[in-house]
Amino acid sequence: MNGPIDLSFMVVSMNVVPSGRRVLAHGRSVIGILSMTVLLTGCSELPGKQPEPPGPAPHPPVSGRCIVISNEHDVVLENAEIGPCEGPGITVYRSKNVTIQNVTVRNTTGVGIFIKDAQKVIVKGSRFVNNSSGVYAVNSKNVTVAHNTFSNVKGPKPRGQFVQFNGVSGESRISCNIGRNEPGKSNPEDAISLFKSAGTDQSPILVDHNVIIGGGPSTSGGGIMLGDAGGAHITASDNQVVDPGQYGIAVSGGTDMVIERNVVLAKSQSFTNVGIYVWNQSKGACGDVRVKGNRVNWLNRHGKRNSWWDGGNCGQIGVDGNDFQTQIPSENEIRKLPSYCGPGSS
């Protein structure tokens with residue numbers, strides 16, 4: 001099969017994956033379901049398999065969602081190259097125990113992966129290029145996004161995140177990812193956004209060991225936003241945030257929010273404002289916020305240092321052990337994942 005086939009067959013095929021089996025991708029945009037294969041329009045050539053036929057190589061965008069996993073459990077989707085898509089690249093809906101690994105999702109008008117009303121979803125070791133947002137999880141529980149790379153999210157607002165949790169709860173984590181936005185090639189908002197999301201006292205949602213490089217020119221977007229419209233029990237730790245936009249890391253609502261051991265840096269640009277801030281902009285409570293052990297060197301749009309600001313409406317902030325005039329690390333030091341994330345991470 002050298003040409004595209006009816007996409008309705010592709011969606012049906014994804015929806016009937018037997019539980020506990022793997023969905024494998026190999027060859028020229030071929031998805032294998034047990035011994036069955038279907039060719040997906042809008043998926044790119046993978047090297048070393050079927051030769052590209054003569055004639056125009058690029059596939060037209062798929063109209064709508066490229067892959068849908070709906071009302072399933074115990075599914076693994078791996079080794080796939082997906083896109084372009086006129087909609088999300090992968091949708092996970094009302095499904096449980098889904099792992100997506102080693103996929104590339106590029107050139108989607110929607111988000112790269114859309115997760116809704118799902119439980120125990122893992123997205124790892126994958127690449128996202130030129131999506132409206134990378135991973136967007138809504139009303140889901142126990143979601144992990146780890147060891148992925150994101151390049152040039154294009155928005156527009158309210159999209160424009162590498163990762164956004166909206167109404168996510170449980171043991172959830174955003175860890176060891178690298179995201180880069182290049183001026184003129186991207187239109188980001190918040191690189192990582194936690195909106196109305198909550199962990200627990202014993203198991204907070206973790207945003208840790210990520211590297212975020214580049215942002216703007218949005219005057220509202222920035223690096224890592226905790227407690228947007230409220231939330232609880234979220235910790236942002238050990239992240240490296242460089243020139244991410246208007247702000248570096250922020251708490252805009254919620255309770256039991258922790259910002260610790262992060263490196264937050266920015267040169268002066270027309271949209272830069274403040275490195276770390278705590279300012280309740282939600283309609284709910286804001287309190288028990290701790291800002292500790294961070295290294296910050298942030299220049300606002302006027303070229304003046306503005307590393308920290310307390311908006312004064314989240315109660316007494318625990319501010320301890322921060323260096324708000326830190327020396328700027330070398331480029332090699334700040335543009336790779338910490339050793340915690342394992343070998344080969346860069």
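Treat the numbers as computed from the prediction; the structure is a model and nothing was measured.

Colleague: Please clarify how the overall build of the protein should be interpreted in this entry.
Modeller: From N to C terminus, the protein includes two helices and 33 strands. Looking at the protein as a whole, 54% of its 346 residues are labelled buried. Contacts in the protein between residues far apart in sequence, at least 24 positions, make up 63% of those at least 6 positions apart. Accessible surface computed for the protein: about 14,300 Å², of which carbon and sulfur atoms make up 50%.

Colleague: Is there a simple way to think about the packing of aromatic side chains in this case?
Modeller: Centre-to-centre distance and the angle between the planes together describe a pair of aromatic rings. In total, this model carries six aromatic pairs according to the counting rule given. Taken together, a centroid distance of 5.8 Å and an interplanar angle of 75° make the contact between Tyr247 and Tyr277 edge-to-face. Of this pair, Tyr247 sits in strand β26 (residues 247-251) while Tyr277 sits in strand β29 (residues 274-278), placing them 30 residues apart in sequence. With respect to burial, Tyr247 and Tyr277 carry one shared label: buried.

Colleague: Help me understand the nonpolar core, please; the structure alone is not making it clear to me.
Modeller: In terms of nonpolar packing, the biggest core is built from 57 residues, with Ile90, Ile115, Val135, Phe165, Leu194, Ile224 and Leu226 touching the most fellow members. By size, the runner-up hydrophobic cluster in this structure holds five residues, among which are Met225, Tyr247, Ala250 and Val274.

Reading the values: the criteria
- Residues numbered from 1 in each chain as written.
- Predicted model: local features only at pLDDT ≥ 70, side-chain atom pairs only at ≥ 80, totals over all residues.
- Heavy atoms only, no water.
- Helix = DSSP H or I, 4+ residues; strand = E, 2+ residues; numbered from the N terminus.
- Buried < 20%, exposed > 50% of the residue type's maximum accessible area, 1.4 Å probe, protein only.
- Contact = heavy atoms within 4.5 Å.
- Areas by Shrake-Rupley, 256 points an atom, 1.4 Å probe, with all protein chains shown as cover.
- Phe/Tyr/Trp six-rings, centres within 6.5 Å; stacked < 30°, edge-to-face > 60°.
- Core = buried A, V, L, I, M, F, W, Y, C linked by side-chain atoms within 4.5 Å.

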